[in-house]
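The primary structure of each chain is shown beneath.
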Amino acid sequence: MQPALDSNTLDRLISLGRERGHLTTEDLRASLPIESMSAEEIALVVVHLEETGVPVELEESLLLPDPKPVAMPRQSAEIIPFPGPRASRKPSKAKPLQPAKPALPEPRQAETQETSFSPWIVAAAGMLAFAVFALIIFATAG
């Protein structure tokens, strides 16, 4: 909540809500600076009021998050010449940079026998390690 919201303001709202049986958005606007509060701050006030037994009939538009700012159109950069002997030239109207084309993949060379056996060697080593551990477990268990 904002520091401007003190306990006296909330106590007045609670007593008003208990007298009337509920509070409306207009009641909150009369007592709180709603226009300068965020949706989260308003929700916290409403939750506090409802926890004290005061129902609040609130416009849902107040609890919606603030709309996202509209993005400004992207402007291209202007090249400013470095001061010196070349500064007297006018900047040229060059074409904007184009994205690079992706490189074509190189053709795969035939795999050698050595690389085609490597998955089998790893699998065999794993099976051998599993067998050794299984033998150790059965030997110590019995």
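Structure: above.
Residues numbered from 1 in each chain as written. Predicted model: local features only at pLDDT ≥ 70, side-chain atom pairs only at ≥ 80, totals over all residues. Heavy atoms only, no water.

In this section: helix α1 (residues 7-20). Relative to the 20 Å expected for 14 residues at 1.5 Å per residue, α1 spans 20 Å between its end C-alpha atoms, a close match to the ideal helical length. Within α1, the full set of buried residues consists of Thr 9, Leu 10, Leu 13, Ile 14 and Gly 17. One side of α1 holds all its buried residues, which, seen down the axis, span an arc of 135°. Pointing more than 90 degrees away from the buried face of α1 are the exposed residues Arg 12, Arg 18 and Glu 19. On the buried face of α1, the contacting elements are β1 (23-24), α2 (25-31) and α3 (39-51). Of the residues flanking the end of α1, it is Gly 21, one or two places downstream, whose phi is positive at about 95°. (Helix = DSSP H or I, 4+ residues; strand = E, 2+ residues; numbered from the N terminus. Expected span 1.5 Å × (residues − 1). Buried < 20%, exposed > 50% of the residue type's maximum accessible area, 1.4 Å probe, protein only. Arc of directions from axis to C-beta. Contact = heavy atoms within 4.5 Å.)

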